[in-house]
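# Descriptive analysis of the structure
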Amino acid sequence: MNAPVPNNTKAELLQNVVEHIDIASFDARPIIDAMRKMSFSSRDTARAADIFNMALADRDCSPWLILAGSTSAGGCMHVYRDMVQNGMIDAVVATGASIVDMDFFEALGFKHYQAAGPVDDNVLRDNYIDRIYDTYIDEEELQNCDHTILEICNRLEPRAYSSREFIWEMGKWLSEGNAKKPGSLIQTAYEEGVPIFCPAFVDSSAGFGLVKHQKERIAAKQPYLMIDAVADFRELTDIKIAAGTTGLFMVGGGVPKNFAQDTVVCAEILGVEAEMHKYAIQITVADVRDGACSSSTLKEAASWGKVNTTYEQMVFAEATTVVPLIASDAYHREAWKGREKPRWQKLFAK
């Protein structure tokens, strides 16, 4: 039976808050152990968990989180934060939406909401509500996020910034007492020295704030801030070269996936023989038949010299169903304990 459709008032539509799962509150080890003895996606999930634990146990390995899609809005936001806080992740490559429209948005005190039932999207538009599948966002609050990015732009020196550098400034701003919700991924990464890269940064609320900043500065005949995408590539490649052995925990695919994998090739172009990513798991529902990067297998990446195929696993599953299991399993097996945090942000300290 379908859930009752709410009245078409904004207050009624935005009443069920998305709650983020806590990987420390449950122990997924027995589930992963059972899945290891099963078949299909269950066994793939267990092997992915095993590979991630191997990466954490390898003291020469630097694990990276590669994040695309809307799992942060869907309830996995604290999973990624806790992975960073506990030294399970040393660098993050993500979409701008994941970092700005979802994480930074909630750091400002706003929420994501569950859809209560089928509602005409034109009704949502009339109420200024944006929809991601069955998740709602208040557009007025999202525009507040846009304008906050504008404020941060206006307080910075007008020059070129990598997305990593700009997001570091966002984390600094939050840590200065501006966060309404402490413990966001951005603030935690800032405090832990973990760099966050968004290679398509302006495809998010950050883009609206940056455009408004530039338009206002141009009208006033003043210099303005810009995002340097080439610097992003150079800086992440610098981390790859410094790290040596690396592992990729990939949720979704797209630009973040290819960006992280390409650092091996970029290092080679720079005359540095960097090893392929030693450990790699990808959780995706993308169809391998369409020729897209999101769905290309990790074995295919080996042909490009990007990923070693000894410890790689594709998991074809909707990410909110398996990411908490893999992360909780790793949290409770504690291979991350005793890892020295490299704090790669230090490579860019002035």
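Refer to the preceding data block for the structure.
All figures in this text were calculated on a predicted structure; none of them were measured in a lab. (Residues numbered from 1 in each chain as written. Predicted model: local features only at pLDDT ≥ 70, side-chain atom pairs only at ≥ 80, totals over all residues. Heavy atoms only, no water.)

## Remarks on the overall build of the chain
Just so we agree on the cut-off: Numbering of helices and strands runs from the N terminus; a helix is a DSSP stretch of H or I covering at least four residues, while a strand is a stretch of E covering at least two. Here the globule rule is a power law, 2.2 Å times the number of residues to the power 0.38, and the radius of gyration is based on C-alpha atoms. Accessibility here uses a 1.4 Å probe with only protein chains present; expressed as a share of the type maximum, an area under 20% marks a residue as buried, one over 50% as exposed, and anything in between as partly exposed. For this analysis, residues touch if any pair of their heavy atoms sits within 4.5 Å. Methods summary: accessible areas were calculated by the Shrake-Rupley approach with a probe of 1.4 Å, and residue burial reflects only the protein chains presented.
Of the regular secondary structure elements, the chain holds 15 helices and 11 strands. A compact globule built from 350 residues would reach a C-alpha radius of gyration of about 20 Å, and the chain, at 20 Å, matches this within 12%. Seen along its three principal axes, the alpha-carbon backbone of the chain occupies a region of about 60 × 50 × 40 Å. Here the chain holds 350 residues, and the buried ones make up 52% of them. Across the chain, every contact between residues at least 6 apart in sequence was considered, and the portion connecting residues at least 24 apart equals 79%. Carbon together with sulfur atoms contributes 51% to the accessible area of the chain, which is approximately 15500 Å² in total.

## So, the nonpolar core
For clarity, the threshold we go by: Residue types Ala, Val, Leu, Ile, Met, Phe, Trp, Tyr and Cys, when buried and joined through side-chain atoms within 4.5 Å, form a set referred to as a nonpolar core.
By size, the foremost hydrophobic cluster in this structure holds 69 residues, and its most contacted members are Y80, F104, F166 and M170. Not counting chain neighbours up to four residues away, the residues in contact with Y80 comprise L65, L67, T71, S72, L185, V251 and V323. The next biggest cluster of nonpolar side chains, apart from the first, holds 16 residues, and it includes I239, M250, A260 and V307.

## Quick notes on the pairing of strand β2 (residues 91-94)
We count it as follows: Strands qualify as paired when DSSP identifies two bridges or more between them. When the strands point away from the viewer and the connection leading from the first strand across the helix to the second strand turns clockwise, the crossover is called right-handed.
Burial along β2 is two-sided: A91 and V93 facing one way and V92 and A94 facing the other are all buried. Pairing of strand β1 (residues 61-67) with β2 involves 4 bridges; the strand directions are parallel. Paired with L67 across the two strands is A94, which belongs to β2. Since β1 and β2 lie parallel, the crossover through helix α4 (residues 72-85) that links them has a hand, and here it is right-handed. Alignment of β2 against strand β7 (residues 196-197), held across 2 bridges, turns out to be parallel. Bridging across to β7, V92 finds its partner in I196.

## Structural notes on unusual backbone geometry
You will see that Y133, though not glycine, has its phi angle at about 55°, which is positive. You can call Y133 exposed: its relative accessible area is 69%. Non-glycine residue R343 carries a positive phi angle of around 50°.

## Side note on the pattern of salt bridges
Worth spelling out the cut-off: Here a salt bridge means any side-chain nitrogen of Lys or Arg lying within 4 Å of a carboxyl oxygen belonging to Asp or Glu.
Counted according to the given criterion, the structure contains 20 salt bridges. Residue R339 is joined to D90 by a salt bridge in which the shortest nitrogen-to-oxygen separation is 2.8 Å. Placement of the pair is R339 in the segment after α15 (319-333) and D90 in the loop between α4 and β2, with a sequence separation of 249 residues. When its relative accessible area of 11% is taken as the criterion, R339 is described as buried. Among the ionic pairs, K337 bridges to E334, the shortest N-O distance being 3.3 Å.

## Quick notes on α15
Cut-off, in case you're wondering: What a helix is expected to span follows from its residue count: subtract one and scale by 1.5 Å.
With 15 residues, α15 extends 21 Å from end C-alpha to end C-alpha; this agrees with the ideal 21 Å at 1.5 Å per step. Across the 15 residues that make up α15, a large majority, 11, are buried. Of all the residues in α15, the buried ones are A319, V322, V323, P324, L325, I326, A327, S328, D329, A330 and H332.

## Things to note about the side chain of N127
With respect to the secondary-structure elements, N127 resides in the loop between α6 (121-126) and β4 (129-132). When its relative accessible area of 15% is taken as the criterion, N127 is described as buried.

## Examining the pairing of strand β10 (residues 277-284)
Walk down a regular strand and you will see the side chains alternate between the two sheet faces. Counted residue by residue, β10 has 7 buried out of 8 residues, so it is predominantly covered. The sheet contact formed by strand β9 (residues 245-251) and β10 spans 5 bridges and is parallel. Among the inter-strand pairings, F249 is bridged to a residue of β10, identified as I281.

## A closer look at the side chain of T148
Structurally, the position occupied by T148 is in helix α7 (residues 139-155). Classification of T148 by relative accessible area gives buried; the value is 7%.

## A closer look at the packing of α4 against α15
To keep it simple, the criterion reads: Whenever a helix is involved, its axis is fitted only over the stretch in contact; in every case the axis is a line through C-alpha atoms, and angles between N-to-C directions fall within 0 to 180 degrees. Throughout, the term roughly parallel applies to angles under 35 degrees, roughly antiparallel to angles over 145, roughly perpendicular to angles from 65 to 115, and oblique to all others. Crossings are classed by handedness, with left-handed meaning an anticlockwise turn of the near helix from the far one by less than a right angle and right-handed meaning a clockwise turn.
At their nearest, the axes of α4 and α15 sit 10 Å apart, and the two run at 30° to each other. Judged on the interaxial angle alone, α15 and α4 are roughly parallel. The handedness of the crossing between α4 and α15 comes out as left-handed. Only T320, V323, P324 and A327 of α15 make contact with α4, whose side of the interface consists of C76, V79, Y80 and M83.

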